[in-house]
Amino acid sequence: MPAIPSSPTLARQFALAVVTRLRAAGQEAFWAGGCVRDELLGRVPADFDVATSALPELVRSLFGRHRTLTIGAAFGVVTVIGPPGAGHVEVTTFRTDADSSDGRRPTAVTFSTARDDAQRRDFTINGLFFDPIAGDVHDYVDGRADLAAGIIRAIGVPTLRFGEDHLRMLRAVRFAASFDFAIDTATEAAIVQMAPLVASVSPERIAAELRAMVSRPGRQRALELLEKTGLATAALGELAPLDSAGTAAWRTAGIIVASLEQPNLSATLAILAENAGREKLRQIAKRLRLSNREARTADWLAAAITELGGMAGEHLQSRQWSQVQPWLADGNAALLCDVLRARATGGRGSAEAAAWLRTQAARPRDEIDPAPLVAGNDLLAAGIPAGKVMGALLVRLRALQLDAQLSTREQAIAWAQANRLP
Ligand code: ATP
Ligand code: MG
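Asks: In this structure, what is going on with the overall build of the protein chain? I would like to understand it.
Replies: Along the protein chain, the regular secondary structure elements total 23 helices and 11 strands. The C-alpha atoms of the protein chain give 27 Å as radius of gyration, which overshoots the globular expectation for 422 residues (22 Å, by more than 25%). The principal-axis extent of the C-alpha atoms belonging to the protein chain is close to 90 × 55 × 35 Å. Taken over 422 residues, the protein chain has a buried fraction of 50%. Excluding contacts between residues fewer than 6 apart, the proportion of contacts in the protein chain whose partners are at least 24 apart in sequence is 66%. In the protein chain, the 47 positive side-chain charges and the 45 negative ones have mean positions that sit 4 Å from each other.

Asks: Would you mind going over the environment of Ile413 with me for this structure?
Replies: You can see Ile413 is positioned in helix α23 (residues 409-418). The spacing of Ile413 and Gly127 is 286 residues in sequence and 72 Å in space, taken between C-alpha atoms. Residue contacts for Ile413: discarding those within four places in its chain leaves Val374, Asp378 and Ala382.

Asks: Got a minute to help me understand the pattern of salt bridges in this structure?
Replies: Oppositely charged side chains may form a pair once their charged atoms are brought near each other. By the definition in use, this model includes 36 salt bridges. Residue Arg211 is joined to Glu294 by a salt bridge in which the shortest nitrogen-to-oxygen separation is 2.7 Å. In this pair, Arg211 sits in helix α9 (residues 203-214) while Glu294 sits in helix α15 (residues 292-308), placing the two residues 83 residues apart along the sequence. Overall, the relative accessible area of 31% leaves Arg211 in the partly exposed class. One salt-bridge network, in which partners are shared between bridges, spans Glu261, Asp338, Arg341 and Arg358.

Asks: Can you walk me through the site of ligand 1 in this structure?
Replies: What surrounds ligand 1 is a group of 13 residues, the closest being Arg37, Asn126, Asp165, Arg168 and Arg174. A distance of 2.8 Å separates an oxygen atom of ligand 1 from a polar atom in the side chain of Arg37. Starting from 590 Å² of accessible surface for ligand 1 in isolation, the protein chains cover 78%. For the shell around ligand 1, the secondary structure elements donating two or more residues are α2 (34-40) and α7 (167-179).

Asks: Whenever I open this one, the domain arrangement of the protein chain confuses me. Can you help?
Replies: How big an interface is tends to be expressed through the accessible area that disappears when the partners come together. Structurally, the protein chain comprises domain 1 (1-149), domain 2 (301-368) and domain 3 (376-419). Taken over C-alpha atoms, the centre of domain 1 sits 47 Å from the centre of domain 2.

Asks: I'm lost on empty space enclosed by the protein in this one. Help?
Replies: The gaps left among the atoms become clear once a water-sized probe is rolled over them. One pass over the structure, following the stated rule, counts one cavity of 30 Å³ or more. Together, Leu308, Gly309, Leu316, Leu340, Arg343, Arg348, Gly349, Ser350, Ala353 and Ala354 line the largest cavity.

Definitions and cut-offs
- Residues numbered from 1 in each chain as written.
- Chains lettered and ligands numbered in written order.
- Predicted model: local features only at pLDDT ≥ 70, side-chain atom pairs only at ≥ 80, totals over all residues.
- Heavy atoms only, no water.
- Helix = DSSP H or I, 4+ residues; strand = E, 2+ residues; numbered from the N terminus.
- Rg over C-alpha atoms; globule rule 2.2 N^0.38 Å.
- Buried < 20%, exposed > 50% of the residue type's maximum accessible area, 1.4 Å probe, protein only.
- Contact = heavy atoms within 4.5 Å.
- Lys, Arg positive; Asp, Glu negative; His and termini not counted.
- Charge placed at Lys NZ, Arg CZ, Asp CG, Glu CD.
- Salt bridge = Lys/Arg side-chain N within 4 Å of Asp/Glu carboxyl O.
- Near = heavy atom within 4 Å.
- Polar contact = N/O pair within 3.5 Å; in protein donor to acceptor, adjacent residues only side chain to side chain.
- Areas by Shrake-Rupley, 256 points an atom, 1.4 Å probe, with all protein chains shown as cover.
- Domains from an automatic or database assignment.
- 1 Å grid on protein atoms, 1.4 Å probe; cavity = no way out; pocket = protein on both sides within 12 Å on 5 of 7 lines; lining within 4 Å.
- Points joined across faces, edges and corners; volume = space filled by probe spheres on them.

Spelled out as C-alpha cells, the structure:
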C-alpha cells in the first residue's frame, strides 16, 4: 500500500515526473488502473500507479536505491518514494499473471506488453492507461465505454477471472456501490454463482474491502448488493440474513448505515448485528481479525444499543443519570449518538431519546464526567481497607455523586464509613 499523499497536487506532479523519467530512458510508461479511472470520472485519485516496459532493476537504477522499495519486485512492483507530501508511486512492469492455484494470489508473473497488462486487471474501468505527457487514453479493454455507461464488467470471462482471485467479487461490489454503477449481467451472474468462494479469501483482505465499502457514500447499496449476490453469507456469515425477516432487518440496517455521519465498520457491524446478537458480532470481529479498537467499539456500540436504543424518549430522560453517564463519558459517545440518531431514521428506537442524548453529550466535559469526590486513598485514610468492599464503595459513591445525592468529599467519606459493611 503506497503512503497516502498529503497533497493531491504534489502526488500528481510526482506521478508525472516518474513517467517523464521512464520515457527519457526510452521506456514505455503510463498511469494505469484506478488513478486513470478516477481522473476520467473527475475524482481525485487516492494514489497513482505507473505501468511500464522497464524491468524492476532498471526502475531501481533510474530512481536510485535509496528512493525505491522493492517488497513487490518479484511481481514487478517497485515503489518509488516521492518528495514530502507527494506520497509514493507504485511502478509496475507490464506483466501477465499466471493462473493462481488457490484463487488468492498469482503464483508467477511473466513480464509482457501494455496490451497484456491491461488483460490481467480486474474490471474494464480499471484496465485503462493514460499517457500524461500526450494526454491520451490507451484503452485495450473497452473500459471507456463502460466508464461512460456506468458499468462494472470483468475483463474476459467473469467466472475465470473470479476463479483466479475471489476477492475481485467484493471489489466489484465496492466499485459498483461507490460509483453508483451497475454490474454487468454476466459479471453479476458469475458473482452469484461463485460467491461462496469468498470465504477462502484472507480475513484481512475481506475486512479491508468491507471497511472501504461501508465508510463511503454508496454504502447502503453495497450492503444491498452483498445480500443480493450471496456475498453477505460468504463474507459476513455470522450476521447474514437467514429468512425474510432477516432480509428485511438487513435492508433496514442499510438505511441506518446510509444515514450515519461517522460511518465505519464497527458501527455498521453493530447495526447489522441487532438481529443476530452480540455473541455473533464478537465471532465475526475475531474471524475478520479486526483491530482491538474496532472490535471493542463494535461490541460497546452493540451493548449501548441494547441498553439505550430501545427506550422511548421520556424513559431515557427519566433514567438515573448515573446509568446514562458512563455511555457519554466514553470516547465513543459521539459515535453512539450518531448511531442512535441514524437508527431512529430507520424506525428503530426513539428519535426524541436520541436527540436528548445528543444534547447531553454536547455538555462540557467536566459536567459530563466530573472529577470523583473521593479516590481509594481517601477511603484508606478513613480506615477502609483496600479490596472488594472498597471497590464496591467507590462505584456506589460515584453513582451517588452523579445523581447529586452527594456533593462534597466529606459527605462521601461519611457515607462510605456509614455503609462500609456490605
Ligand atoms: P482504489 O485504490 O480506489 O481502491 P484501485 O482500482 O486503484 O481502487 P488498487 O487496489 O489500488 O485499486 O489497484 C490498482 C489497480 O490494480 C486496479 O485499478 C486494477 O487495475 C489492478 N488490480 C488491483 N487489484 C486487482 C485484483 N485483485 N485483480 C486484478 N487487478 C487488480
Ligand atoms: Mg488505487
